[in-house]
Amino acid sequence: MVVSTSPFVPHPGPVERPVRMGLPALALLLAVELLHTQASPPARSFQLDYEEDCFRKDGAPFRYISGSIHYARIPRPAWRDRLLKMYMSGLSAVQVYIPWNYHEPLPGVYDFAGDRDVEAFLALTAELGLLVILRPGPYICAEWEMGGLPAWLLWKPDIVLRSSDPAYLAAVDSWLHVLLPKIKPRLYQNGGNIISVQVENEYGSYYACDYEYLRHLLGSFRALLGTEVLLFTTDGTRAEELRCGTLQGLYATIDFGPGSNVTEAFGAQRRVEPKGPLVNSEYYTGWLDYWGEAHASTSSTQVARGLEDMLQLGASVNMYMFHGGTNFAYWSGADFKDQYKPVTTSYDYDAPLSEAGDPTEKLFAIRTVISKFQPLPVGPMPPATPKYAYGWVALQKYADLLDVLDVLCPSGPIQSQFPLTFEAIKQAHGFVLYRTQLPRDVLDPATLGAPPHSICDRGYVMLQQEYQGTLERDEQTTLRVMGKAGDTLDVLLENMGRISFGANVSDFKGLLGNLSLDSITLSNWLIYPLAIDTAIQQGWPHTALPKSSSRGRAGPAFYTGTFETPGSAWDTFVKFPGWSKGQLWINGFNLGRYWPCRGPQQTLFVPGSVLHVGRPNNITVLELEGAPPAPSLLFLDQPLFNRTLSGSTEATE
């Protein structure tokens, strides 16, 4: 029995009535019908078959072998290369997230240009012969900033995210009315290559368990995409996850990694979907990295064995990730597991295609398994992209951050008796400076401190423009300081990425509580929202006159330098010998956060597409804690992902 995914019962059709028709007319009618039947191909369809426990594509049994790829983590010039490598690996489909916050930076302001042109990416998948499993959210997790939800939702501080809160639903509906009409023509039934669409994401792992919310989304997706598209959910295999994450009218799929017992895991799916295809929507080929923890890796043998076990059961499988890519700029998210755990800039994921898009041993092990179940495309696997070690590049200090506030905050500070969050001043990412004055002489060291969970996420403290140290969420929340009444106290707050998975994704940033000096609450703040990226994209500081700086190397400061490519711009990896923590831009492109002293990641990936040929490449570094005595960067032709916390070993992965 082939079951339509439509929630509606098809109309039985008009009642037949006898019609008198002469023989010539009848013959003509039959001839026309025969011609019509021969001329029109069978209708395109992608459906669930509950009798044969499979998908049916155009009426024939179908199983997909898919891999996850995130266009938002790959520069647009590399899209074709990565997709072609996935196709040549034997995949029939790719699974794609759409991060809402990547496309709607402010309410009602949409960006689908350049690297954000999701329609161009989807057109490329179709051109290369890949089907698409689309995951448009509105929440996606993905270890992406706030799980893809826009930070501006938190402008309403009491909003209940991922629930039937009217304020949240209004924002979701507004977004879906912009996004889903772009998707509808690309559905398989409409001549496109999107075979299924996921609603929400691992909702069973969220505390709200709000069925009204899921029902609302189901109604919106049906209204905007039509009744024929196959809609599904994805959740973990625990009973509680499947209880809260599934809904009648949405086909329930599961996710699990190579360490799981395949039979037991699919048994969990069968408890909620007794019939229909077995589907693992996220089969983990590796895992993400957190700052301060060892680089994650999963053996190729284990991944290949688990894949083969699932394919032998006839299951459809999506490998998460097939190509991870990079959390450029401020896009990396965070987990909360007893404490705040920010995700690294690299999203290599130990995936079959490396962060730089190169085939790995794991890819070939997977490809061998796939070849046992379906023919591989004819032709060679495209090779690794060329890399170049540009070598050492010397930098010079341009200015301390405190000396360029006029450039970084041209509209001037906001005055407030007590600190305001990033969200209260409508700053989504990056940095905000909080400034006040000491209310009294502090001749003996006093404790500058914050209440628990109120430094979100790191605070770089300066007194009279001298760096004092760093306050950190769930870590060090006090410093000892001395000074005189009226001395200027500056705290530069860094957003390290909003929580993307766990109990609550309402992760406000900045100073969430009052700072105090011993028992005295500090008040009368000047708050500077810093538009660093805007300034750098406009050519600053390379187009500006250098600032003279008599102070030393400690504390937040900008460093600049240039280098040239020898005839062609190839991918490279930049290392930060002796640097502490900060942000890197090349030619105005924000390559993300570096933090070599915390690790494990030691290098940042620099795509060749951001580099210039025949003219200098402008490097800008914002170092937050302290640069080395002779500040230089080292460009390598391979990454360094794994540094033990003791600092005794470095390994290339």
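What comes next concerns the included structure. (Residues numbered from 1 in each chain as written. Predicted model: local features only at pLDDT ≥ 70, side-chain atom pairs only at ≥ 80, totals over all residues. Heavy atoms only, no water.)

**Brief notes about the pairing of strand 22 (residues 466–472)**
Where strand 21 (residues 458–463) and strand 22 come together, six bridges link them in antiparallel fashion. Counted as the bridge partner of L463 is E466 from strand 22. (Pairing = 2+ DSSP bridges. Helix = DSSP H or I, 4+ residues; strand = E, 2+ residues; numbered from the N terminus.)

**With respect to the nonpolar core**
Membership of the largest hydrophobic core comes to 125 residues, with the highest contact counts inside it found for Y168, I183 and L530. Here the element with the most residues in this core is helix 5 (residues 166–183); it accounts for nine residues. When residues no more than four places from it in sequence are discounted, the contact partners of I183 are I98, L122, L134, I194 and L225. If you look at the next biggest cluster of nonpolar residues, it comprises 26 residues, including A356, L395, Y594 and F605. (Core = buried A, V, L, I, M, F, W, Y, C linked by side-chain atoms within 4.5 Å. Buried < 20%, exposed > 50% of the residue type's maximum accessible area, 1.4 Å probe, protein only. Contact = heavy atoms within 4.5 Å.)

**Thoughts on the packing of aromatic side chains**
Inspection of the entire model under this criterion finds 40 aromatic pairs. Here the aromatic rings of W291 and W595 are separated by 5.7 Å at their centres, their planes lie at 55°, and the arrangement is tilted. Pair noted here: W291 is in the loop between strand 11 (279–284) and helix 9 (300–312) and W595 is in the loop between strand 33 (589–594) and strand 34 (603–606), with a separation of 304 residues, a long-range link. Judged on exposure class, the residue W291 and its partner W595 are both buried. Arranged with centres 5.3 Å apart and planes meeting at 50°, the rings of Y347 and Y349 form a pair that is tilted. Given the relative accessible area of 1%, Y347 is considered buried. Taking the relative accessible area as the measure of exposure, Y349 reaches 3% and is therefore buried. Here a set of aromatic residues connected by ring pairs shows up, and it is made of Y71, W79, Y102, F121, W144 and W331. Across from the ring centre of Y290, 4.3 Å away, lies the NZ or CZ of K341, which sits over that ring. (Phe/Tyr/Trp six-rings, centres within 6.5 Å; stacked < 30°, edge-to-face > 60°. Lys NZ or Arg CZ within 6 Å of the ring centre and 35° of its normal.)

**Considering unusual backbone geometry**
Backbone phi values are negative for most residues with the exception of glycine, while trans is the configuration of most peptide bonds. The omega torsion across C456 and D457 is 15°, close enough to zero to call that bond cis. Among the secondary structure elements, D457 is positioned in the loop between strand 20 (455–456) and strand 21. For the bond from W540 to P541, the omega torsion is 0°, close enough to zero to count as cis. If you trace the backbone, P541 turns up in the loop between helix 12 (532–537) and strand 30 (557–563). Its identity is not glycine, yet Q464 carries a phi of approximately 50°, on the positive side. The class of Q464 is partly exposed, set by a relative accessible area of 43%. With a phi close to 60°, D474 is a non-glycine residue in the positive phi region. Following the sequence through the fold, D474 ends up in the loop between strand 22 and strand 23 (478–483). Overall, D474 belongs to the partly exposed group, its relative accessible area being 23%.

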